[in-house]
Amino acid sequence: MKIICIGKNYLKHIQELDRKRPTEPVFFLKPDSAIIQRNRPFFLPDFSEEIHHEVELIYRICKVGKCIQPKFAHHYYDAIGLGIDFTARDLQRKCVSEGNPWEIAKAFDGSAVISKFVPKEQLGDLNNLDFRLLLNDQCVQHGNNKDMIFRIDEIISYVSQFITLKIGDIIFTGTPEGVGKVAIEDHLQGFIGEEKFLDFKIK
Ligand code: MG
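Every chain begins its residue count from 1, and numbering advances along the sequence as written. Only residues with pLDDT of 70 or above have their local features reported here, since the model is predicted, and side-chain atom pairs are shown and tallied only from 80 upward, although totals for entire chains, interfaces and linings are computed over all residues. The basis for every side-chain value is the complete set of heavy atoms in the structure, and neither hydrogens nor water enter the calculation.

Peer 1: Just checking my understanding: could you explain the sheet that holds strand 13 (residues 180-181) for this structure?
Peer 2: Two strands in a sheet stick together by hydrogen bonds in their backbones, pointing the same way (parallel) or opposite ways (antiparallel). Being paired, for any two strands, means DSSP has found at least two bridges between them. Every helix listed is a DSSP run of H or I at least four residues long, and every strand listed is a run of E at least two residues long, numbered separately from the N terminus. Taken together, the 3 strands give an open sheet; going across it, the order is 7-4-13, and neighbouring strands pair in antiparallel fashion. Looking along the sheet, the strands with just one partner apiece sit at the ends: strand 7 (87-88) and strand 13. Bridge analysis of strand 4 (residues 51-53) against strand 7 gives 2 bridges, and the strand direction is antiparallel. By the bridge assignment for strand 7, His52 is matched with Thr87.

As C-alpha coordinates, this is what we get:
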(Lines give C-alpha, C1' and ligand atoms only; values in the text may rest on other atoms or scores of the structure.)
Protein backbone atom coordinates (compact mmCIF):
# COMPACT_ATOMS: atom_id res chain seq x y z
CA MET A 1 0.00 0.00 0.00
CA LYS A 2 1.01 3.59 -0.35
CA ILE A 3 0.18 6.86 1.32
CA ILE A 4 -0.57 9.83 -0.90
CA CYS A 5 -0.47 13.24 0.77
CA ILE A 6 -1.90 16.44 -0.61
CA GLY A 7 -0.04 19.63 0.27
CA LYS A 8 -1.28 23.22 0.27
CA ASN A 9 -4.99 22.40 0.24
CA TYR A 10 -6.28 24.97 2.75
CA LEU A 11 -5.81 28.65 1.98
CA LYS A 12 -5.09 29.86 5.54
CA HIS A 13 -2.41 27.18 5.96
CA ILE A 14 -0.78 28.26 2.68
CA GLN A 15 -0.77 31.82 4.00
CA GLU A 16 0.77 30.84 7.36
CA LEU A 17 3.65 29.15 5.50
CA ASP A 18 3.88 32.05 3.06
CA ARG A 19 3.41 29.86 -0.02
CA LYS A 20 1.44 30.27 -3.24
CA ARG A 21 -2.05 28.85 -3.89
CA PRO A 22 -1.61 25.88 -6.28
CA THR A 23 -3.50 25.66 -9.56
CA GLU A 24 -3.45 21.85 -9.48
CA PRO A 25 -3.25 19.47 -6.51
CA VAL A 26 0.26 19.06 -5.11
CA PHE A 27 1.05 15.60 -3.80
CA PHE A 28 3.85 13.50 -2.39
CA LEU A 29 4.14 9.94 -1.02
CA LYS A 30 5.02 8.36 2.29
CA PRO A 31 6.11 4.70 2.60
CA ASP A 32 4.24 2.16 4.74
CA SER A 33 7.12 2.33 7.25
CA ALA A 34 5.86 5.83 8.17
CA ILE A 35 2.64 4.49 9.68
CA ILE A 36 1.77 4.67 13.37
CA GLN A 37 -1.57 3.12 14.34
CA ARG A 38 -3.64 2.27 17.41
CA ASN A 39 -2.64 5.45 19.26
CA ARG A 40 0.94 4.29 19.76
CA PRO A 41 3.30 7.11 20.79
CA PHE A 42 5.32 9.17 18.34
CA PHE A 43 9.03 9.26 19.18
CA LEU A 44 10.72 12.54 18.33
CA PRO A 45 13.57 11.82 15.89
CA ASP A 46 17.13 13.08 16.49
CA PHE A 47 17.49 14.65 13.05
CA SER A 48 15.06 17.53 13.52
CA GLU A 49 14.58 20.35 16.01
CA GLU A 50 11.17 21.26 14.64
CA ILE A 51 8.62 18.48 14.17
CA HIS A 52 5.22 20.00 13.33
CA HIS A 53 1.78 18.43 13.66
CA GLU A 54 -0.53 18.65 10.62
CA VAL A 55 -3.96 17.15 11.30
CA GLU A 56 -5.74 15.94 8.15
CA LEU A 57 -8.78 14.02 7.02
CA ILE A 58 -7.71 10.72 5.48
CA TYR A 59 -9.58 8.59 2.94
CA ARG A 60 -9.20 4.86 2.33
CA ILE A 61 -9.17 3.56 -1.25
CA CYS A 62 -11.40 0.49 -1.81
CA LYS A 63 -11.03 -0.19 -5.53
CA VAL A 64 -8.22 -0.31 -8.08
CA GLY A 65 -8.37 2.63 -10.44
CA LYS A 66 -6.46 4.54 -13.08
CA CYS A 67 -7.51 7.78 -14.83
CA ILE A 68 -10.67 8.03 -12.73
CA GLN A 69 -13.13 10.74 -13.73
CA PRO A 70 -14.20 13.05 -10.88
CA LYS A 71 -17.85 11.98 -11.25
CA PHE A 72 -16.91 8.35 -10.51
CA ALA A 73 -14.32 9.08 -7.82
CA HIS A 74 -16.72 8.51 -4.91
CA HIS A 75 -16.83 4.79 -5.83
CA TYR A 76 -13.12 4.52 -5.05
CA TYR A 77 -13.11 5.33 -1.32
CA ASP A 78 -15.18 3.68 1.37
CA ALA A 79 -13.99 5.05 4.71
CA ILE A 80 -12.66 8.18 6.36
CA GLY A 81 -10.41 8.75 9.34
CA LEU A 82 -8.02 11.25 10.81
CA GLY A 83 -4.26 11.40 10.42
CA ILE A 84 -1.25 13.45 11.42
CA ASP A 85 1.22 14.30 8.67
CA PHE A 86 4.23 14.88 10.92
CA THR A 87 6.66 17.20 9.20
CA ALA A 88 10.28 18.07 10.00
CA ARG A 89 9.75 21.74 9.18
CA ASP A 90 13.43 22.68 9.51
CA LEU A 91 14.45 19.96 7.03
CA GLN A 92 11.56 20.83 4.73
CA ARG A 93 12.64 24.49 4.56
CA LYS A 94 16.18 23.36 3.67
CA CYS A 95 14.92 20.95 0.96
CA VAL A 96 12.63 23.58 -0.55
CA SER A 97 15.29 26.31 -0.53
CA GLU A 98 17.79 23.98 -2.23
CA GLY A 99 15.21 22.75 -4.74
CA ASN A 100 15.52 19.14 -3.50
CA PRO A 101 12.85 16.46 -2.93
CA TRP A 102 11.56 16.57 0.64
CA GLU A 103 11.22 12.91 1.68
CA ILE A 104 13.57 13.37 4.64
CA ALA A 105 11.15 16.00 5.98
CA LYS A 106 7.90 14.14 5.27
CA ALA A 107 8.38 10.39 4.80
CA PHE A 108 10.41 9.38 7.85
CA ASP A 109 9.40 6.58 10.24
CA GLY A 110 6.37 7.55 12.29
CA SER A 111 5.45 10.51 10.11
CA ALA A 112 2.00 9.12 9.18
CA VAL A 113 -0.24 8.71 12.20
CA ILE A 114 -3.45 6.95 11.17
CA SER A 115 -6.66 6.57 13.16
CA LYS A 116 -9.40 4.00 12.87
CA PHE A 117 -11.51 4.29 9.72
CA VAL A 118 -15.27 4.81 9.77
CA PRO A 119 -17.46 3.81 6.79
CA LYS A 120 -18.32 7.00 4.90
CA GLU A 121 -22.06 6.28 5.18
CA GLN A 122 -21.79 6.85 8.93
CA LEU A 123 -20.36 10.36 8.73
CA GLY A 124 -23.33 12.38 7.49
CA ASP A 125 -22.63 15.20 5.03
CA LEU A 126 -19.28 14.24 3.49
CA ASN A 127 -18.77 17.78 2.17
CA ASN A 128 -19.05 19.31 5.62
CA LEU A 129 -16.73 17.36 7.92
CA ASP A 130 -15.50 19.34 10.88
CA PHE A 131 -12.25 18.18 12.47
CA ARG A 132 -9.85 19.44 15.09
CA LEU A 133 -6.65 18.71 16.97
CA LEU A 134 -6.14 19.29 20.68
CA LEU A 135 -2.60 19.73 21.99
CA ASN A 136 -2.51 19.30 25.76
CA ASP A 137 -6.29 19.89 25.85
CA GLN A 138 -6.09 23.16 23.86
CA CYS A 139 -7.53 23.29 20.36
CA VAL A 140 -4.64 24.17 18.01
CA GLN A 141 -6.09 23.22 14.63
CA HIS A 142 -9.69 23.32 13.47
CA GLY A 143 -10.73 22.63 9.89
CA ASN A 144 -13.66 21.69 7.71
CA ASN A 145 -13.31 19.91 4.39
CA LYS A 146 -15.68 22.40 2.77
CA ASP A 147 -12.64 24.73 2.83
CA MET A 148 -10.41 22.38 0.84
CA ILE A 149 -9.13 23.93 -2.39
CA PHE A 150 -9.31 20.51 -4.08
CA ARG A 151 -12.09 18.14 -2.99
CA ILE A 152 -11.48 14.41 -2.60
CA ASP A 153 -13.07 13.61 -5.97
CA GLU A 154 -10.73 16.00 -7.78
CA ILE A 155 -7.76 14.64 -5.84
CA ILE A 156 -8.56 11.03 -6.75
CA SER A 157 -9.03 11.99 -10.38
CA TYR A 158 -5.82 14.01 -10.53
CA VAL A 159 -3.54 11.54 -8.72
CA SER A 160 -4.88 8.54 -10.67
CA GLN A 161 -3.74 10.10 -13.96
CA PHE A 162 -0.18 9.48 -12.79
CA ILE A 163 -0.36 6.65 -10.26
CA THR A 164 -2.72 3.66 -10.12
CA LEU A 165 -4.75 3.67 -6.92
CA LYS A 166 -4.95 0.31 -5.16
CA ILE A 167 -7.10 -1.15 -2.44
CA GLY A 168 -5.84 -0.06 0.98
CA ASP A 169 -4.03 3.06 -0.22
CA ILE A 170 -4.62 6.09 2.00
CA ILE A 171 -4.95 9.71 0.94
CA PHE A 172 -4.08 12.54 3.35
CA THR A 173 -6.01 15.58 2.16
CA GLY A 174 -4.06 18.53 3.58
CA THR A 175 -3.99 20.46 6.81
CA PRO A 176 -5.78 23.62 7.93
CA GLU A 177 -3.94 26.49 9.65
CA GLY A 178 -2.48 26.22 13.14
CA VAL A 179 0.42 23.83 12.50
CA GLY A 180 3.08 23.95 15.18
CA LYS A 181 5.88 22.22 16.99
CA VAL A 182 5.44 19.21 19.25
CA ALA A 183 7.57 18.37 22.29
CA ILE A 184 8.20 15.37 24.51
CA GLU A 185 5.21 14.56 26.76
CA ASP A 186 2.73 16.47 24.59
CA HIS A 187 -0.70 14.85 24.42
CA LEU A 188 -2.53 14.95 21.06
CA GLN A 189 -6.22 14.23 20.58
CA GLY A 190 -8.02 14.40 17.26
CA PHE A 191 -11.74 14.57 16.53
CA ILE A 192 -14.06 14.42 13.56
CA GLY A 193 -17.18 16.19 14.77
CA GLU A 194 -17.56 15.06 18.38
CA GLU A 195 -16.08 11.61 17.84
CA LYS A 196 -12.55 10.99 19.03
CA PHE A 197 -10.26 9.40 16.44
CA LEU A 198 -6.77 10.01 17.85
CA ASP A 199 -5.37 10.04 21.36
CA PHE A 200 -1.62 9.59 21.75
CA LYS A 201 1.55 11.05 23.26
CA ILE A 202 4.86 12.41 22.02
CA LYS A 203 7.85 10.60 23.52
MG1 MG B 1 0.21 17.86 5.28
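Next comes the rest of the write-up.
Peer 1: Could you clarify how one ought to interpret the coordination of the magnesium ion in this entry?
Peer 2: Each donor-metal-donor angle in an ideal tetrahedron of four donors is 109.5 degrees, and each such angle in an ideal octahedron of six donors is either 90 or 180 degrees. For the magnesium ion, the full set of protein donor atoms is Glu54 (OE), Glu56 (OE) and Asp85 (OD), and the range of their distances to it is 2.0 to 2.1 Å. As a rule, N, O and S atoms within 2.8 Å of a metal are its donors, except that Na, K and Ca use 3.2 Å; water is not among the atoms, so sites may look incomplete. Each donor residue of the magnesium ion belongs to the same chain, and together they define the spacing E-x1-E-x28-D. Linking Glu54 in the loop between strand 4 and strand 5 (55-61) with Asp85 in strand 6 (residues 77-85), this pair joins segments that are 31 residues apart in sequence. Neither Glu54 nor Asp85 differs from the other in exposure class; each is buried. A simple rule labels every residue: compare its accessible area, found with a 1.4 Å probe on the protein chains alone, to the largest value its type can have, and call it buried under 20%, exposed over 50%, or partly exposed in between.

Peer 1: How do you make sense of the nonpolar core when you look at a structure like this?
Peer 2: Buried together is how nonpolar side chains tend to be arranged in soluble globular proteins. Nine residue types can take part in a nonpolar core, namely buried Ala, Val, Leu, Ile, Met, Phe, Trp, Tyr and Cys, and a core is a set of them joined through side-chain atoms within 4.5 Å. Core analysis: the largest hydrophobic core is formed by 57 residues, its most contacted members being Ile84, Phe86, Ile156, Leu188 and Phe200. Counting residues per element, this core draws most heavily on strand 5, at 5 residues.

Peer 1: Sorry, what's going on with the sheet that holds strand 10 (residues 130-135) here?
Peer 2: An order of 11-10-14-15 is seen for the 4 strands of this open sheet, with the pairing classed as antiparallel. Because the sheet does not close on itself, it has two edges, and the strands there are strand 11 (138-144) and strand 15 (195-201). Averaged over all adjacent pairs, the angle separating strand axes in this sheet is 15°, with direction ignored. Pairing between strand 10 and strand 11: 6 bridges, direction antiparallel. From the neighbouring strand, Leu133 faces strand 11, where its bridge partner is Gln141. Each axis is a line fitted through C-alpha atoms, taken for helices only over the stretch in contact, and angles between the N-to-C directions span 0 to 180 degrees.

Peer 1: What is the right way to look at helix 2 (residues 89-98) in this model?
Peer 2: Since the α-helix advances by 3.6 residues per turn, residues separated by three or four positions end up pointing in the same direction. If you check which residues of helix 2 are buried, you get Arg89, Leu91, Gln92 and Cys95. Burial along helix 2 is one-sided: seen end-on, the buried residues are contained in an arc of 155°. The contact criterion used throughout is that any non-hydrogen atoms of two residues lie within 4.5 Å. In the core, the buried residues of helix 2 are packed alongside helix 1 (11-16), strand 4, strand 7 and helix 3 (103-106). The directions considered for the arc run from the helix axis to the C-beta atoms.

Peer 1: What exactly am I supposed to notice about the side chain of Lys30 here?
Peer 2: Summarising the element assignment, Lys30 is placed in strand 2 (residues 26-30). A polar contact is formed between the side chain of Lys30 and the side chain of Asp85, at a distance of 2.7 Å. Any pair of N or O atoms that falls within 3.5 Å is considered a polar contact. Within protein, one atom must be able to donate a hydrogen and the other to accept it, and sequence-neighbouring residues count only if both atoms are side-chain atoms. A distance of 3.0 Å separates the side chain of Lys30 from the backbone oxygen of Ser111, its partner in a polar contact.

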